[in-house]
Every structure is written in C-alpha cells, then in structure tokens.
Amino acid sequence: MTKIYHNPKCGTSRNTLAILQEAGEEIEVIEYLKTPPTREGLVKMIVDAGETPRSAMRAKQQEAEDLGLRDAAATDEAILDGMMQHPILINRPFVITSKGTALCRPSEKVFAIMENPPASYTKEDGEVVKS
C-alpha cells in the first residue's frame, strides 16, 4: 500500500495524490497536520528519501524563523524538534511505496517510486508532466 503524508491545502500535495489515484494505487492518506508522524517515523522518511532535516523543512514558514531554524547553525536535532512541535514545518508530500520513499516536490517525482505510473498527468495549473 502506498502512503502519502498529505496536506489538502497544498497544490503539490493534491497533484501528487491525484497522480497516485489516477494510477489506481491503493493509498493510505495521512493528513500529517492532524496526525503527525512520530519523530522516529519522520527521521526514517527523511533518510529513506535521501533528504536531510534541513531539506525536508518548510523554511518559509514563520515558525522556522521564530525558532531560529533558518540560521545555518541550526542543528538537525533542533530542526527535527521544530518539526515535531510544529508539523507545518514538515515539507510535503512525502510518499512511501514498495519501490521507495520520496519528498515529491515537484509532484512528478512520485513517478520514480510508482509501480505503474501514468504516461502523463495534467496538473491543476494545466502543466502536463510525463513519467
């Protein structure tokens, strides 16, 4: 089963979910702002996706500024602490499939970890992407 850590207010997250749905994937949708991952789960997703806590953080959020996480001296531990305290700081969407884990920004990054990606997909903004 495919898991997506989803924010329905995010266009990239909505596009990624739609790509998975179009392909007929069996999907577990986790609205991570309502049901955040555990710290251990978050670290595993970040590592499995080949990311770092800093690259997986939504640095534009005010919470990142308030906690000093935009500072180059902010440690991975501090960033993870911030993400646990404010899940909005977790970049999205993370997708986990049998083929791997990816932070799907842009949404078409999901093609690489899908068993049967669609040949193409038209995003909300009309952009056509191909697998």
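Bear in mind the structure is a predicted one, so any value in this text is a computation, not a measurement.

The rules we used
Residues numbered from 1 in each chain as written. Predicted model: local features only at pLDDT ≥ 70, side-chain atom pairs only at ≥ 80, totals over all residues. Heavy atoms only, no water. Helix = DSSP H or I, 4+ residues; strand = E, 2+ residues; numbered from the N terminus. Rg over C-alpha atoms; globule rule 2.2 N^0.38 Å. Buried < 20%, exposed > 50% of the residue type's maximum accessible area, 1.4 Å probe, protein only. Contact = heavy atoms within 4.5 Å. Areas by Shrake-Rupley, 256 points an atom, 1.4 Å probe, with all protein chains shown as cover. Lys, Arg positive; Asp, Glu negative; His and termini not counted. Charge placed at Lys NZ, Arg CZ, Asp CG, Glu CD. Salt bridge = Lys/Arg side-chain N within 4 Å of Asp/Glu carboxyl O. Core = buried A, V, L, I, M, F, W, Y, C linked by side-chain atoms within 4.5 Å.

Visitor: Sorry, what's going on with the overall build of the chain here?
Guide: Within the chain, the secondary structure is distributed over 4 helices and 6 strands. Along the chain, helices and strands appear, N-terminal first, in the series β-α-β-α-α-α-β-β-β-β. Its C-alpha atoms give the chain a radius of gyration of 15 Å, within 12% of the compact-globule value 14 Å for 131 residues. By its C-alpha atoms, the chain is 45 × 30 × 25 Å across when sized along the principal axes. Expressed as a percentage of its 131 residues, the buried residues of the chain come to 43%. For the chain, the share of sequence-separated contacts (at least 6 apart) that also reach a separation of at least 24 residues comes to 57%. Here the chain has roughly 6,800 Å² of accessible surface; of this, 49% comes from carbon and sulfur atoms. Computing the positive centroid from 16 side-chain charges and the negative centroid from 20, the chain places the two 3 Å apart.

Visitor: It is not clear to me how the side chain of Arg58 should be interpreted in this structure. Could you clarify?
Guide: In this fold, Arg58 is placed in the loop between α2 (39-48) and α3 (62-66). No salt bridge is formed by the buried Arg58, whose closest oppositely charged neighbour, Glu63, lies at an N-O distance of 8.3 Å. Residues within four places of Arg58 in sequence aside, it is in contact with Ala64, Ile88, Leu89, Ile90, Asn91, Arg92 and Arg105.

Visitor: So what exactly am I meant to see when it comes to the environment of Ala64 here?
Guide: Assignment of secondary structure puts Ala64 in helix α3. Along the backbone, Ala64 and Ile96 are 32 residues apart, and their C-alpha atoms lie at a distance of 25 Å. Not counting the four nearest positions on each side in its chain, Ala64 is found in contact with Met57, Arg58, Ala59, Leu69, Arg70 and Leu89.

Visitor: Just to check I follow, could you spell out the nonpolar core for this structure?
Guide: Most often, soluble globular proteins keep nonpolar side chains buried together rather than apart. Membership of the largest hydrophobic core comes to 19 residues, with the highest contact counts inside it found for Leu42, Ile46, Met57, Leu69, Met83 and Phe94. Of all the secondary-structure elements, those providing two or more residues to this core are α2 and α4 (76-85). If you look at the next biggest cluster of nonpolar residues, it comprises 14 residues, including Ile4, Ile113, Met114 and Val129.

Visitor: What's the story with unusual backbone geometry in this structure? I'm lost.
Guide: Most peptide bonds take the trans form, and the phi angle of most residues other than glycine is negative. Following Arg92, the chain continues into Pro93 via a peptide bond in cis, with omega recorded as 0°. With respect to the helices and strands, Pro93 occurs in the loop between α4 and β3 (94-97). Here Arg105 and Pro106 are connected by a cis peptide whose omega angle stands at 0°.

Any functional reading would require information that these geometric values do not contain.
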